[in-house]
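# Structural description and commentary
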Amino acid sequence: MVSTEDFFKKITSHAKEYGFVFPSSELYDGLSAVYDYGPNGVELKNNIKNYWWKFMTQMHENIVGIDSAVFMHPKIWKASGHVDAFNDPLIDNKDSKKRYRADVLIEDHIAKIEEKINKEVAKAQKRFGDGFNMEQFLATSERVKGYQAQIDDLRKRFADLMNANDLKGLKDLIIELGIVCPISGSRNWTDVRQFNLMFATKMGSLSEESDVIYLRPETAQGIFVNYLNVQKTGRMKIPFGIAQIGKAFRNEIVARQFIFRMREFEQMEMEFFCRPGTEMQWFEYWKQERLNWHLSLGIPKEKYRYHDHEKLAHYANAATDIEFEFPFGFKELEGIHSRTDFDLKRHQEYSGKKIQYFDSEINESYTPYCVETSIGLDRTFLAVFSYAYTEEKLEDGSQRVVLKLPKILAPYRCAVLPLVNKDGLPEKAKQICEDLRSSFRTHYEEKDTIGKRYRRHDAIGTPFCITVDTQTMEDESVTVRHRDTMQQERIHISQLKNYIIEQ
Ligand code: ATP
C-alpha cells in the first residue's frame, strides 16, 4: 500500500498541474481543508454530478429534486439534533501539539489488525497456490481467528463507549491499546473532549437573542423541511424520494487529507419516504441500488465494500457505509441510513405544524419513514481520480502518467489533433472538431509534437485522440487513438460520432 503521505503528494501535484484542484486562496498561502476546482476539475465534478442526478431523478420515476438554501432557520438544527449532538471526540498529543479524532485513532488501530489478517491471507495464498480456499482458511487459521476475536472485542467496546458518550473510557482505551501519536511517537495525550462541527455565523434581520445561524452541515435537513411542499405540489405518492446536490460545511478537526475531508464540500443526498414497517426493505433496496451506481462506472467491485455501523446515529435504526479502497485503505464514500420518522417527527414537534401523509391504500395517516443515501461529491471525485491515476512504463523505456477515467466522466471525451501544422490539416481538424462539439466536449490542439499532445491528453484522461494526417485529405479517414491501450484505428470521418458513442 502506498503511504498516505506519498499518495497525497502525487495526487495533489497532478491535480494542480493539470487544472483539476487548486488549494483555495493559494495567493495568500491557502486556507486549510478548503479547495478550488480548476477548468478540468469542474468538468469532472459536473460530470459526476450529472451522472448521479440522472440516475436518481431520471432512472427512478418516483424521485424528484430540489435545491434548498444553505441558510436555514436556526431551530432546524435544534430539531435535527445537530446543535446538541453533532460532535466529534477530539484529543491532543501534548508533545506534537497535533489534534486527532479519538474515534479515528481507534478505528485506525482496528484497521492495522485487519491488515495483519490480510497479510496472513496473502502468505497462505502464496503457499497453497491454486488450491487456496479463502473461506476455509479464515475459519480455521488459529492466528486469523485470534486477530478476528481481538477486532470483534474492540469494536464492541468501542461502540459501547461511543454510544454511552464515555469520553474518559475512550481515552483509557487509547492508552490501553498503546496508541501513539504518528508525529511525536508519544502517548502523552490530553483528555478527550467533544467538539461541535457546525460553523456559526450571524444574520442581521433576526431578533437579537436568536441571531446565530449555521452553515448547513448536511443538505438533508433542507429536504425534510420541504417534505410537505414537495409532496403536496408534486402530488407525490409514497414511496417517493427527494434528491438534492449542494454545499455542506463542517469544521473538521483533522484536515490533512486533501479533498477526502474538507471544511466546505458538496453532498449528493436523497431521502426516500416510505410506509412505516417497509423501511428495512427499502434500506436493502437502496444499499444494492447505490452499489450498482458505483459499479456502473466500470470500477471493479473489489474496490468497494459495505461496512455496517456498530454505533448508530441518534436518528437511525440501520446504517451501512459503502467504503472505497483509496490508496490509503478502505474509507467511507457513501452512507445509507434508515432514519425512521425521526426527522419529520422532530420538525413537526419544533415547528408545531402537522407533517403527516394520508395513505389512501390503507386508509391511514402516518408520519413517513425515511431511507437516506448520502454521498460526498468531492470524495467521489477523489475515488475516481485516485483509481484512474496510473503511472506506466512504456516499451521504449519512457514513462507516462495516464488518468484512466470512466469515459463518461472525462473532462474531454475527445481531442482532434492535426499531425502537422500545414497542408490544410489544421483547417480539416477544426472542421471535424466543430462537428463533434455538439455531441461531446472536444478539444482542438495543434501546439507541440503529436507525442507530447498525446501525453497531455493522457494526463487529463481524454479517452480518444483523433489525428488528422495527409491520408485524411485523400480518403476522409482519421486515426483514433485509445487512451488506455494506445492502440490506433483508422475510421471514416462520417463514422466518428457513432464510433465514439459505441466504444
Ligand atoms: P466521516 O465518518 O468520514 O467523517 P460522516 O460519517 O460524518 O463521514 P456523513 O455525515 O454520513 O459522513 O456524510 C455523508 C457523506 O458526505 C460521506 O459519506 C462523505 O462522502 C461526505 N463527507 C462527509 N464529511 C465530509 C468532508 N468533511 N469532506 C468531504 N466529504 C465529506
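Check the entry above for the structure.
## Notes on the nonpolar core
Membership of the largest hydrophobic core comes to 58 residues, with the highest contact counts inside it found for Phe-20, Trp-52, Phe-381 and Leu-382. Not counting residues up to four positions away in its chain, the partners in contact with Phe-381 are Phe-20, Val-21, Tyr-37, Gly-41, Leu-44, Lys-45, Ile-48 and Ile-259. Core analysis: the next-biggest nonpolar cluster, separate from the first, contains 26 residues, Ile-91, Met-162, Leu-173 and Trp-189 among them.

## A few points about the sheet that holds strand S22 (residues 477–482)
Backbone-to-backbone hydrogen bonds join strands into a sheet, with any given pair of strands oriented parallel or antiparallel. One open sheet accounts for five strands, arranged S20-S19-S21-S22-S23; its pairing is mixed. A strand with exactly one partner marks an edge of an open sheet, and here the two such strands are strand S20 (442–444) and strand S23 (488–492). Averaged over all pairs of adjacent strands, the angle between their axes in this sheet comes to 25°, without regard to strand direction. Note that strand S19 (residues 414–418) and S20 share three bridges and pair parallel.

## Digging into the site of the ligand
Around the ligand lies a shell of 15 residues, among which Glu-252, Arg-261, Met-262, Glu-332 and Leu-333 are the nearest. Separating a nitrogen atom of the ligand from a backbone N or O atom of Phe-260 is a distance of 3.5 Å. Between an oxygen atom of the ligand and a side-chain N or O atom of Gln-267, the distance comes to 3.4 Å. Look at the ligand: alone it shows 590 Å² of surface, and the protein chains cover 86% of it. Counting only elements with at least two residues in the shell around the ligand, the list comes to strand S10 (264–274), strand S13 (329–340) and strand S16 (369–376). Ranked by residue count, the leading element in the shell around the ligand is S13, at four residues. The class makeup of the residues in the shell around the ligand is four nonpolar, four polar and seven charged.

About the thresholds
- Residues numbered from 1 in each chain as written.
- Predicted model: local features only at pLDDT ≥ 70, side-chain atom pairs only at ≥ 80, totals over all residues.
- Heavy atoms only, no water.
- Core = buried A, V, L, I, M, F, W, Y, C linked by side-chain atoms within 4.5 Å.
- Buried < 20%, exposed > 50% of the residue type's maximum accessible area, 1.4 Å probe, protein only.
- Contact = heavy atoms within 4.5 Å.
- Pairing = 2+ DSSP bridges.
- Helix = DSSP H or I, 4+ residues; strand = E, 2+ residues; numbered from the N terminus.
- Axes fitted to C-alpha atoms, helices over the stretch in contact; angles between N-to-C directions.
- Near = heavy atom within 4 Å.
- Polar contact = N/O pair within 3.5 Å; in protein donor to acceptor, adjacent residues only side chain to side chain.
- Areas by Shrake-Rupley, 256 points an atom, 1.4 Å probe, with all protein chains shown as cover.
- Nonpolar A, V, L, I, M, F, W, Y, C, P; charged D, E, K, R; others polar.

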